[in-house]
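Reading the structure
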Amino acid sequence: MDESLAAIDAGVRALLAERLHVEPDDVPGDDDASLQDMGLDSTAILSLVTGLEDRYDVEIPDRDITLDNFGSVGAVNRYMAGLLP
Amino acid sequence: MTAVPGVAGHLASTVERCGARTALVDGDRRLSWDQLAEAVERRAAALAQRDVGPGHALAVVLPNDTDFVVTFLAVQRLGALAVPLNPLFTVAELGRHLAGCHVRGIATTAALAPAIAEWADRTTAGEGTWVAPAADLDRDAASAAGAPAPPATDGPALYAFSSGSTGTPKGMVRTAAQLAAEADNFYDTVGVTEGDAILALVALFHAHGLGNAVLASVRSGATLVLQAALRRDETLALIERERVSIFPTVPFAAQTLAETRRADRADTGSLRLAFTAGAPLARETFDLWGKRFGTPLRQLYGCSEAGSVTINLDDDADATAGSVGRPMKGIDLAIVREDGAPCAPGENGEITFASPAATTGYDGVPPQDNARSFAGGWFRTSDLGHVDAAGNLYVAGRIKLFISTAGYKVDPFEVEDVILRHPAVADVVVVGAAGSLGEEVVKAVVVHTEVTDDRQLRHELLALCREELAVHKVPRIVAFRDEIPRSPLGKILRKYLV
C-alpha cells in the first residue's frame, strides 16, 4: 500500500469509528471484508459518504454510491484514491 | 352527492375542487386529481373482485410509490381496512405483524410477492390470504365491473402498529373518521393549500408519512411528490423542479441534506415548512439546516395511535428549536404525574392528550391495559416531557425503552429474542447507545455461555440478526460482558450498558 492509500485507509477507519460507532477492533484488517457484514445499512453508508465529503472536501454523487465503491473498506479506499488529486 | 366519511370523502371533494391540478409525482409519472380518482376507482373495483369489502383488511407492503397511494386510497374508498407494512421487513417480521390481522390479501411489489406467497402457503396466519403485485391487480380484474358504493357510516380504516414492550408489536384500529380528523387537524393548523407541494420521502407505511404527506395532500389538494429513498442529488432536484414547499422528514435525512454542500447550488427557496419527527432533533442539525436552506427546521410530535399531535410553528424558531411545539387544532394536551395529577409548567411528567384522531385501544391486549392507556379519552403516551409557560412541549425521553435509530423505532426486546436463540448466548440486553448527534444506535451487550472467540461470535450474531430482522434493527455495536448489571431488585441497569 503506498503512502497516500495508507492515509486514506486510516481516514476511512477513523470515520467508521467516529460516525458509525464501529469500534476500530471490529473493522476487519481484511480490505475485502463487507461493510454490510459489519451491520452498516444504506443510511449508515450515506453517513459515511457525507463524512468523507466533509473530511476530504470532495463531492460524491449519488450515482457513485454503489456496492462496487462502498461495499468494503478496500473499495472505499480505492474509490477515494481515484477521487482525490 | 351524498357525504362519504373519512379519507374517501376528502378525496372526493378535493377531486371536485382541483380535478386538473397535479395530485401526484412519482419519477416521470404525473397524475392529476382526476386521473388519480380514476386509478383509485379501478383499483377499488379490482380489490372488490378479490373479496375486499367494508371491514375487511388488506396488507399494503409497498415502498413510497404510486401503487401505495392508489391502493391505500382504494381501500379507503371501499370502506375496508389498510394494513401498511414496511417493505424492508423480512418475511418472518411480516408474519409476526400479520398474525392477528386476518388480512384478505397482501398487495406488494413484484419482487417481494413470491417470498410472501410462499409464507402465506405454509403458515396458518397466511391461510386463505391472496398475495399479488399491486401493479397487476387492475389488469387481472374482470373488466367493466365498477366498485360497489362506499359505505355511508364510519368504520375501521387503518390497522397500525406500535412497538410493544413484550417483543410483539401491538396492533390497533383507527377509523375513517379518526383519519379524517387527523387530516383536518394538520390542514387547519399548518394551512396547507392546493398550491403546496409535499415531498414524501419519509416512509408512507409509517404514521409520519401517511398522515403528514398522504392524508395532508388528499385533504388539501397539495401535490404529493414521492421519493422511495434518500438520494441527495435526486432529492435536491425534486425540491427544485417541483417547487416543494412542505417537507416532512426525520433528523437523519435532514442532517444528511444539511451536510451536503452542493445543496447551496440547488434552488430550494420554495421550502416553507420542513419538520422532523420520530426522534429528537439535535441542535447541530437545526443550525446546519438553517444555514444551508435559510428556513428553520421544525419539530413535530406524533405517534401511531393518533398521528400528529403537536408541531412547532413558533415565530421564534431559534429560541424554541428544541420544542415539538403546541397541540394541533382539535387536540388537548396535558402533562401528568404518576398519579394523574397535572404537572406544573417546566415539570417533567407523562405526556397525555385527547384527540379526535386517536384510536380507542390496542387490539388483543387485556382490557385493564387499554383502561390505563386510554382512560376517559386521554391517551397516555409513555413519553416524558414538559410544557413551558407559553405551552410549548419539550419531549424529555421515554418511559418505554424504544431505541430511535435513523427515523425508526426499534423494540429492544424483539432484538434480544433473536440473539438469545444463539446457543453460545447466556444473556443479552439490547440498548440504545448515544450517537454523536443525539441519535441512538442499537447496541447488544452479550454474556456468553463459555469462552468463545468474541469476534467469531459477533459475526455469527450479526448474521443471525440479519436473517431475522430488518436491517435497521441489527445491532451496530456488539459488546461482551461477564454479567449484566442488575439492581438489588433484579431490574437491569441499562444506564451502565449504553
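Everything below is about the structure printed above this text.
Below is a summary of the structure that appears in this document. (Residues numbered from 1 in each chain as written. Chains lettered and ligands numbered in written order. Predicted model: local features only at pLDDT ≥ 70, side-chain atom pairs only at ≥ 80, totals over all residues. Heavy atoms only, no water.)

What about the pattern of salt bridges?
Residues and elements named next belong to chain B. Stated formally: Within this document, salt bridges are pairs made up of a side-chain nitrogen of Lys or Arg and a carboxyl oxygen of Asp or Glu, the two lying within 4 Å of each other. Numbering of helices and strands starts at the N terminus; helices are DSSP runs of H or I of at least 4 residues and strands are runs of E of at least 2. Summary of the burial criterion: residues with accessible area below 20% of their type's maximum are buried, those above 50% are exposed, and those between are partly exposed, where the area comes from a 1.4 Å probe applied to protein chains only.
One pass over the structure, following the stated rule, counts 32 salt bridges over all chains. The shortest N-O distance in the salt bridge between Glu 118 and Arg 122 comes to 3.2 Å. One end of the pair is Glu 118 and the other is Arg 122, both in helix 5 (residues 113-122) and four residues apart, which spans about a single turn. Overall, Glu 118 belongs to the partly exposed group, its relative accessible area being 43%. Relative accessible area serves as the criterion here: at 52%, Arg 122 is assigned to the exposed category.

Re unusual backbone geometry
Residue and element names in this part refer to chain B. In this model, Asp 51 sits at a positive phi of 75°, which is unusual for a non-glycine residue. As for its placement among the helices and strands, Asp 51 is situated in the loop between helix 2 (33-49) and strand 3 (57-61). Given a relative accessible area of 46%, Asp 51 falls into the partly exposed group. Positive phi is not limited to glycine here, since Ser 382 has a value of about 70°. Position of Ser 382 relative to the elements: it lies in strand 18 (residues 379-387).

Remarks on the packing of aromatic side chains
How two aromatic rings sit relative to each other is set out by the distance from centre to centre and by the angle between their planes. All names here are of chain B. Filter applied, for reference: Planes of paired rings set the category: under 30 degrees apart is stacked, over 60 is edge-to-face and the rest tilted, where pairs are Phe, Tyr or Trp rings (Trp by its six-membered ring) whose centres lie within 6.5 Å.
Going through the model one piece at a time under the given rule, you end up with nine aromatic pairs over all chains. Note on Tyr 159 and Phe 161: the rings are 5.3 Å apart at their centroids and 70° apart in plane angle, and the pair reads as edge-to-face. You'll find Tyr 159 and Phe 161 in the same group, each marked buried. Judged by centre distance (5.0 Å) and plane angle (25°), the ring pair of Phe 374 and Phe 379 falls under stacked.

Comments concerning the environment of A:Arg78
By the element assignment, A:Arg78 lies in helix 4 (residues 73-83). A C-alpha to C-alpha distance of 7.7 Å links A:Arg78 and A:Leu5, two positions 73 residues apart in sequence.

As for the layout of surface pockets
Under the convention used in this document: We place a 1 Å grid over just the protein atoms. Points where a 1.4 Å probe fits but has no way out form a cavity, open points with protein on both sides within 12 Å along at least 5 of 7 lines form a pocket, and any residue with an atom within 4 Å of a point lines it. Grid points are joined across faces, edges and corners, and a volume is the space filled by probe spheres set on the points. Residues were grouped as follows: Ala, Val, Leu, Ile, Met, Phe, Trp, Tyr, Cys and Pro as nonpolar; Asp, Glu, Lys and Arg as charged; and all remaining residues, including Gly, as polar.
Taken as a whole, the second largest pocket encloses approximately 1,100 Å³ of empty space. Residue lining of the second largest pocket: 43 residues in total, with A:Ser42, A:Thr43, B:Leu88, B:Ala229 and B:Leu230 positioned closest to the centre. Ranked by residues supplied to the lining of the second largest pocket, first place goes to helix 2 (residues 42-56) of chain A with four residues. Residue classes in the lining of the second largest pocket are distributed as 26 nonpolar, 13 polar and four charged.

Quick word on the nonpolar core
All names here are of chain B. The condition is simple: Grouping buried Ala, Val, Leu, Ile, Met, Phe, Trp, Tyr and Cys residues that are joined through side-chain atoms within 4.5 Å yields what is termed a nonpolar core. Whether two residues are in contact is decided by their heavy atoms, any of which lying within 4.5 Å being enough.
Counting 83 residues, the largest nonpolar core has Leu 36, Leu 47, Phe 72 and Leu 73 as its most contacted members. The greatest single-element share of this core, amounting to nine residues, is contributed by helix 2. If we ignore the near neighbours within four places in the chain, the residues touching Leu 36 are Ala 23, Leu 24, Leu 31, Val 69, Val 70 and Leu 73.

Looking at the sheet that holds strand 23 (residues 440-448) of chain B
Residue and element names in this part refer to chain B. Applied cut-off: A pair of strands counts as paired when DSSP detects no fewer than two bridges linking them. Here an angle of 0 to 180 degrees is reported between the N-to-C directions of two axes, which are lines fitted to C-alpha atoms, with helices fitted over the stretch in contact.
Strand order in the open sheet formed by three strands is 22-23-24, and the pairing between neighbours is mixed. Edge positions in the sheet fall to strand 22 (425-434) and strand 24 (477-480), since each of these pairs with one other strand and no more. Taking each pair of neighbouring strands and ignoring which way they run, the sheet shows an average axis angle of 25°. Where strand 22 lies against strand 23, nine bridges are found, and the strand directions are antiparallel. Bridge pairing in strand 23 places Val 431 opposite Lys 443. Packing of helix 13 (residues 412-419) onto the sheet brings it into contact with strand 22 and strand 23, and relative to strand 22 it is tilted by some 145°.

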